[in-house]
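Here's the letter readout for the chains.
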Amino acid sequence: PTPTPSPTPTAPIVTTKLPGVDAEIFEAATDPIALTYYDVTDKSKDTWVNYPRDGRNGEFTRSTKYWMQYISPDGTIAAGRNRNYTTDNYHALDVITRATGARKSIKIAKQPLTYDYAEWSRSGNLLLLSLVNPSGEVWTTKGFVVVDIAAGRATTRQINDPAIKNGRFYWSPDQAALVVSYEDGDSKGLRYYNFQGEVVRTIPDVGEPANTSGGLFSPSGDRFVTACAGQTSGTCVWNTADGTASTRFSSDCTNVLGWWDDQHLYCWTSPQNGVDEVNVVDLTGVAVRKLLESSDTKNSVVPYFSRTGNG
């Protein structure tokens, strides 16, 4: 499809320096997404430092208590991934009410398993996690966990299928199923699971998604994005309803992070003169807007954007 005009904001673009890293962001009040949290990897100490944001436009606060935090869509809840197992060998998740600091701990995975790759439901009442085995050089996916935040309860479905070992779980567009990539020989596709851990749909031969932290599907749910199957480069966009190809393009994207709107993605792009950038690209691969720039050579930044409801 012909991309819509470039996402030029109607409000002024504000530049904000990020604490803890040589990086800055460029945002406008009318943007459909906003940076609400980021991690900084201290390469010399091989550790992560968290920077959750106080609201959509607030300050970023340094935190070292957790490996990472997952901020709810409305910013009121932080879910902290603990650095250690409990005394009874569970990897727990701390749910923090940010306004009061009230905290409750939910047991998620029993050792040696752990969890990773969080994605909130749109309402913020559920948090989806991938159940993983961290042994060995490459972590393998073993199932999924759905956390009911209000009830303080986690439901774990261990699947143990080698076909999904390299995937991570995402919400389906209607959030009635969980979606993960799978491998069948040289073919890579998507599998939908219901909440009982049963396969309810398969979309073959669409390639493998990048670790799209902003969600696999477009805001409308009509499309999803992958690395093109059988190619070393290129981005492919597919129709969700029938799994047919919508478009494919080449670009400077090195890792797709998510959808800006139904006609644009945002991604890390190839470094230029030692500078890494997160850019909005249209569906022909043209960069139309810069969101983040980092020139830090000692530390790397991992950004997490949330939808604002604009557009």
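To start, this report covers the structure provided alongside it. All values derive from a computational prediction rather than experimental measurement.

## Re the sheet that holds strand 3 (residues 33–42)
Overall, antiparallel pairing links the 3 strands, which are arranged 4-3-24 in an open sheet. The open sheet has two free edges, formed respectively by strand 4 (47–52) and strand 24 (299–307), since each of these has just one partner strand. Averaged over all adjacent pairs, the angle separating strand axes in this sheet is 25°, with direction ignored. Relative to strand 24, strand 3 runs antiparallel, the two sharing 9 bridges.

## Quick notes on the sheet that holds strand 18 (residues 235–239)
Judged by pairing direction, the sheet is antiparallel, and its 3 strands sit side by side in the order 17-18-19 without closing on themselves. What marks the edges here is a single partner per strand, and that holds for strand 17 (223–227) and strand 19 (245–249). Direction aside, neighbouring strands of the sheet carry axes that sit 20° apart on average. With 5 bridges joining them, strand 17 and strand 18 adopt antiparallel strand pairing. Bridge pairing links Phe 224 to Trp 238 in strand 18.

## Concerning the environment of Thr 97
As for its position among the elements, Thr 97 is in strand 7 (residues 90–97). Residue class for Thr 97 comes out partly exposed when judged on its relative accessible area of 32%. Placed 20 residues apart in sequence, Thr 97 and Ile 77 show a C-alpha to C-alpha distance of 5.0 Å. Look past the residues within four positions of Thr 97 in its chain and what remains in contact with it is Thr 76, Ile 77 and Ala 102.

## Some thoughts on the pattern of salt bridges
According to the stated counting rule, one finds 8 salt bridges in the structure shown. Of the charged contacts, one joins Glu 293 and Lys 290 as a salt bridge, the two residues approaching to 2.7 Å between their closest N and O atoms. Given the relative accessible area of 21%, Glu 293 is considered partly exposed. On the basis of relative accessible area, Lys 290 is assigned to the partly exposed category, the value being 29%. The network of salt bridges with common partners includes Glu 277, Lys 290 and Glu 293.

## Describing empty space enclosed by the protein
A complete count under the given rule lists 2 cavities of 30 Å³ or more for this structure. Considered as a void within the structure, the largest cavity measures approximately 70 Å³ in volume. Lining the largest cavity are Ile 25, Phe 26, Glu 27, Asp 31, Ile 33, Ala 34, Leu 35, Trp 260, Leu 291 and Phe 305. Counting only elements with at least two residues in the lining of the largest cavity, the list comes to strand 2 (23–27) and strand 3. In terms of residue class, the lining of the largest cavity is made up of 8 nonpolar, no polar and 2 charged. Reported here for the second largest cavity is a volume of approximately 40 Å³.

## Considerations on the state of the cysteines
Tallying each qualifying case throughout the model produces 2 disulfides. A sulfur-sulfur distance of 2.2 Å marks the disulfide that ties Cys 228 to Cys 236. On the sign convention where negative means left-handed, the S-S torsion of about 110° between Cys 228 and Cys 236 marks this disulfide as right-handed. Take Cys 228: its relative accessible area is 4%, and that puts it in the buried class. Taking the relative accessible area as the measure of exposure, Cys 236 reaches 2% and is therefore buried. Covalent S-S linkage joins Cys 253 and Cys 267, the inter-sulfur distance amounting to 2.1 Å. The disulfide joining Cys 253 to Cys 267 has a torsion of about -60° about its S-S bond and is therefore left-handed.

## A few points about the packing of aromatic side chains
In total, this model carries 8 aromatic pairs according to the counting rule given. Ring plane angle 5° and centroid distance 4.8 Å describe the contact between Tyr 38 and Tyr 51, whose orientation is recorded as stacked. Taken together, the residues span a long stretch of sequence, with Tyr 38 in strand 3 and Tyr 51 in strand 4 at a distance of 13 residues. For the pair Tyr 38 and Tyr 51, a shared accessibility class is recorded, and that class is buried. An aromatic cluster is built from Tyr 38, Tyr 51 and Phe 60, whose rings are joined through pairwise contacts.

What counts, and where the lines are drawn
Residues numbered from 1 in each chain as written. Predicted model: local features only at pLDDT ≥ 70, side-chain atom pairs only at ≥ 80, totals over all residues. Heavy atoms only, no water. Pairing = 2+ DSSP bridges. Helix = DSSP H or I, 4+ residues; strand = E, 2+ residues; numbered from the N terminus. Axes fitted to C-alpha atoms, helices over the stretch in contact; angles between N-to-C directions. Buried < 20%, exposed > 50% of the residue type's maximum accessible area, 1.4 Å probe, protein only. Contact = heavy atoms within 4.5 Å. Salt bridge = Lys/Arg side-chain N within 4 Å of Asp/Glu carboxyl O. 1 Å grid on protein atoms, 1.4 Å probe; cavity = no way out; pocket = protein on both sides within 12 Å on 5 of 7 lines; lining within 4 Å. Points joined across faces, edges and corners; volume = space filled by probe spheres on them. Nonpolar A, V, L, I, M, F, W, Y, C, P; charged D, E, K, R; others polar. Disulfide = S-S within 2.5 Å. Phe/Tyr/Trp six-rings, centres within 6.5 Å; stacked < 30°, edge-to-face > 60°.

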